[in-house]
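# Residue-level structural notes
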Amino acid sequence: MNSVAEALQKVLENELPVRTETVPLMNSLNRILAEDIKADRDAPPFHRVTMDGIAIHSTQLLKKALFPIEGIQAAGDAQGRLLDPENCLEVMTGAILPENTNCVIPYEQVKIIDNVANLLHSDFTENQNVHLKGTDAGKGDVLLKKGIFIQAGTIGVMATVGVSNVKVVKPPTITICSTGNELVDITDNPLPHQIRKSNVYMLQAALKSLGIEAQTLHIDDDKKLLKAALEKLLHKNDILLFSGAVSKGKYDFLPEVLEDLGVKKLVHGVAQKPGKPFLFGRRKNTFVFGFPGNPASTLICFHLYFKAWLLTHLGKQRNSLFATLTEDVSFKRPVTYHLLVKVVAEKEKILAVPVSNSGSGDLVHLAAADGFISLPAHLETFQTGTSYPLTFLTQPWFN
Ligand SMILES: Nc1nc2c(c(=O)[nH]1)N[C@H]1C(S)=C(S)[C@@H](COP(=O)(O)OP(=O)(O)OC[C@H]3O[C@@H](n4cnc5c(N)ncnc54)[C@H](O)[C@@H]3O)O[C@H]1N2
Ligand code: MOO
Ligand SMILES: [Mg+2]
């Protein structure tokens, strides 16, 4: 059986062809940037006043404390000029610094009587309270690199350099398929032996938080129906996400039907808990992920294999993160144990507090976890204070 690292490697080495599209700026939120964004001028574009007050020339500070006011430079006014260096101009935050001045003194530190500003002290320096032109970036500098996830701050940067349409990665076409005769829709009243198909909604939500809308389809545990549905799905999609039907049951037809349809199985079975029967295969440029049906197995495999693969090929730089156990854990089987945890920040450490649960079918405690830490297969005891790789379930763009 594959180790987690081997399975991940076998998934990651499959190239996902990437398409791009240009969208209006506001439609780019939660998408991946597909072009570098450069500064169209210096940032800031002019010497920007950062406090409301008076602007003077700093050479006057040693000579005098009284500065007659010549006028006002407001934000939005074209650059004015101080005519007499012994005078001052009132200036407002956001204004361009007037010519012949180089120092801004806030109103709180002057007293104005009869249109003359009296400095309360002389402890000011050149460029004080001035955000100098080009401090943050020069014209032509790359401000945003392709491959980043577009968030509010990123939108702000693009707006400031006048990008109204932006090139982003086009999401792949994905269908999420549930399998199982026990499953009913969420609007149905399940009979005692039935459950609602929660995995479909969970996967749809996980994709949505990556900015991807997916279709859904339910297929009953029937080999012929599954084959007919799959034949169509393989033609219409870049990616198929299945939940269920990948294990050893009499009605777990997915592996066999995929094989019949020429889908090459590259992974089936991983030495991990949960998620042992995880399946990954491809037919040409259509990729199939078979997540084991138990909810925790489905969501953990989604993050560990599918998301890792997708983001890698969409050009997103990925972070690795470790979290420190807050209690001793033992797990005696020689497989990687993905332990659900709450994540707590304490001083410079990220702590992983185990979330007790009754196994991979326990959706209630899955929802209470922030993520999972992966405890290596070659150890049986994991002591308080030791650290392990953390995958977030709740911070979609972090890992
Ligand atoms: N003899 C063996 N039995 C099982 C093995 C094994 O190795 N040998 N593996 C176990 C493991 S581990 C898992 S995980 C499950 C995986 O099973 P399948 O992927 O075949 O999934 P199903 O049998 O169809 O369903 C399992 C479980 O999940 C529930 N489920 C399925 N889809 C949904 C959905 N959309 N929403 C909510 N819940 C769903 C389903 O009702 C079952 O309870 O197999 C073990 N068995
Ligand atoms: O994926 Mo299974 O948990 O190991 O039930
Ligand atoms: Mg099964």
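Residues numbered from 1 in each chain as written. Chains lettered and ligands numbered in written order. Predicted model: local features only at pLDDT ≥ 70, side-chain atom pairs only at ≥ 80, totals over all residues. Heavy atoms only, no water.

The name given to the chain in an unreviewed UniProt entry is Molybdopterin molybdenumtransferase, with Cyclobacterium plantarum as the source organism. As its UniProt record puts it under Catalytic activity (unreviewed entry), the chain is described as follows: "adenylyl-molybdopterin + molybdate = Mo-molybdopterin + AMP + H(+)". Its UniProt record gives the chain the following Sequence similarities (unreviewed entry) comment, quoted word for word: "Belongs to the MoeA family." (UniProt positions renumbered as here; feature names shortened; annotations may be inferred.)

## Quick notes on the packing of helix α3 (residues 198-208) against helix α6 (residues 295-313)
Running from N to C, α3 and α6 point in directions that differ by 25°, and their axes come no closer than 10 Å. In terms of orientation, α3 and α6 fall into the roughly parallel class. The interaxial crossing formed by α3 with α6 has right-handed handedness. Touching Asn 199, Met 202, Leu 203, Ala 206 and Leu 207 of α3 are Pro 295, Thr 298, Leu 299, Phe 302 and Phe 306, all from α6. (Axes fitted to C-alpha atoms, helices over the stretch in contact; angles between N-to-C directions. Helix = DSSP H or I, 4+ residues; strand = E, 2+ residues; numbered from the N terminus. Parallel < 35°, antiparallel > 145°, perpendicular 65-115°, else oblique. Left-handed = near helix turned anticlockwise from the far one by under 90°. Contact = heavy atoms within 4.5 Å.)

## Notes on helix α2 (residues 152-160)
Along α2, the residues that are buried comprise Thr 154, Ile 155 and Met 158. Seen from one end, α2 has its buried residues packed into an arc of 100°, which puts them on one side. Of the residues in α2, the exposed ones pointing more than 90 degrees away from the buried face are Ala 152, Gly 153 and Thr 160. Looking at the packing, one finds that the buried side of α2 touches β2 (37-38), β11 (142-144) and β12 (165-170). (Buried < 20%, exposed > 50% of the residue type's maximum accessible area, 1.4 Å probe, protein only. Arc of directions from axis to C-beta.)

## Overview of the UniProt feature "domain: MoaB/Mog" (unreviewed entry) in the chain
Sequence positions flagged by UniProt for "domain: MoaB/Mog" (unreviewed entry) are, in local numbering, residues 175-313. From the first C-alpha to the last, residues 175-313 spans 19 Å; its make-up is 37% helix and 27% strand.

## Let's talk about empty space enclosed by the protein
Taken as a whole, this structure holds three cavities of 30 Å³ or more when the rule is applied. Its volume calculated, the largest cavity comes out at about 80 Å³. For the largest cavity, the full set of lining residues is Asn 30, Arg 31, Ile 32, Val 169, Pro 171, Leu 210, Gly 211, Ile 212, Leu 311, Leu 314 and Trp 397. For the lining of the largest cavity, a count of residues per class yields eight nonpolar, two polar and one charged. Three or more residues apiece are contributed to the lining of the largest cavity by two domains, here domain 1 (4-16 + 172-313) and domain 2 (20-43 + 135-169). In this structure, the second largest cavity occupies an estimated 50 Å³ of space. Lining the second largest cavity are Leu 16, Pro 17, Val 18, Arg 19, Val 169, Lys 170, Pro 171, Pro 172, Asp 238 and Leu 314. When the residues that make up the lining of the second largest cavity are grouped by side-chain class, the tally is seven nonpolar, no polar and three charged. (1 Å grid on protein atoms, 1.4 Å probe; cavity = no way out; pocket = protein on both sides within 12 Å on 5 of 7 lines; lining within 4 Å. Points joined across faces, edges and corners; volume = space filled by probe spheres on them. Nonpolar A, V, L, I, M, F, W, Y, C, P; charged D, E, K, R; others polar. Domains from an automatic or database assignment.)

## Details of the site of ligand 2
The environment of ligand 2 is made up of Pro 274, Gly 275, Lys 276, Asn 294, Ser 297 and Ser 360. Within the backbone of Gly 275, a nitrogen or oxygen atom sits 2.4 Å from an oxygen atom of ligand 2. Of the pockets mapped on this structure, ligand 2 occupies the largest pocket. Each residue belonging to the shell around ligand 2 can be placed in one class, and the counts come to one nonpolar, four polar and one charged. (Near = heavy atom within 4 Å. Polar contact = N/O pair within 3.5 Å; in protein donor to acceptor, adjacent residues only side chain to side chain. Sits in = over half its atoms within 2 Å of the grid points.)

## Quick look at the coordination of the magnesium ion (ligand 3)
Ideal coordination angles are 109.5 degrees for a metal with four donors arranged tetrahedrally and 90 or 180 degrees for a metal with six donors arranged octahedrally. Within the first shell, the magnesium ion (ligand 3) binds the protein through Asp 252 (OD) and Asp 252 (OD), at distances of 2.4 to 2.6 Å. Within the element layout of this structure, Asp 252 appears in the loop between β17 (239-243) and α5 (254-260). (Donors = N, O, S within 2.8 Å, 3.2 Å for Na, K, Ca; no water.)

## Topic: the pattern of salt bridges
Within this structure, the stated rule accounts for 10 salt bridges. A salt bridge links Glu 99 to Arg 81; its shortest N-O distance comes to 3.3 Å. Of the two residues, Glu 99 is situated in the loop between β6 (88-91) and β7 (103-106) and Arg 81 in the loop between β5 (66-73) and β6; the sequence distance between them amounts to 18 residues. For Lys 197, the salt bridge identified is with Asp 185, shortest N-O distance 3.9 Å. Taken as a pair, Lys 197 in the loop between β15 (195-196) and α3 and Asp 185 in the loop between β14 (183-184) and β15 lie far apart in primary sequence, 12 residues in all. (Salt bridge = Lys/Arg side-chain N within 4 Å of Asp/Glu carboxyl O.)

## So, the confidence of the model for the chain
Do not read the fine detail of predicted coordinates wherever pLDDT is low. Chain-level pLDDT for the chain is 95 on average; 100% of the residues reach the 70-or-more range. Across the whole predicted complex the pTM is 0.87, and at the interface the ipTM reaches 0.97. (pLDDT = per-residue confidence, 0-100.)

## Here's the deal with the pairing of β6
Of the two faces of β6, the one lined by Cys 88 and Glu 90 and the one lined by Leu 89 and Val 91 are each fully buried. Here strand β4 (residues 53-56) runs beside β6; their pairing, made up of three bridges, is antiparallel. Looking at β6, one finds that Gly 53 is bridged to Val 91. Relative to β6, β5 runs parallel, the two sharing four bridges. Among the inter-strand pairings, Gln 73 is bridged to a residue of β6, identified as Val 91. (Pairing = 2+ DSSP bridges.)

## Description of the packing of aromatic side chains
Summed over all chains, the structure comprises 16 aromatic pairs. Centre to centre, the rings of Phe 289 and Phe 306 are 5.2 Å apart; their planes meet at 85°, and the pair counts as edge-to-face. Here the residue Phe 289 occupies a position in strand β21 (residues 286-291), and Phe 306 occupies one in helix α6, the gap between them amounting to 17 residues. Accessibility assignment for this pair places Phe 289 and Phe 306 in one class, buried. Cluster of aromatic residues (ring-pair linked, three or more members): Phe 278, Phe 280, Phe 287, Phe 289, Phe 291, Phe 302, Tyr 305, Phe 306 and Trp 309. (Phe/Tyr/Trp six-rings, centres within 6.5 Å; stacked < 30°, edge-to-face > 60°.)

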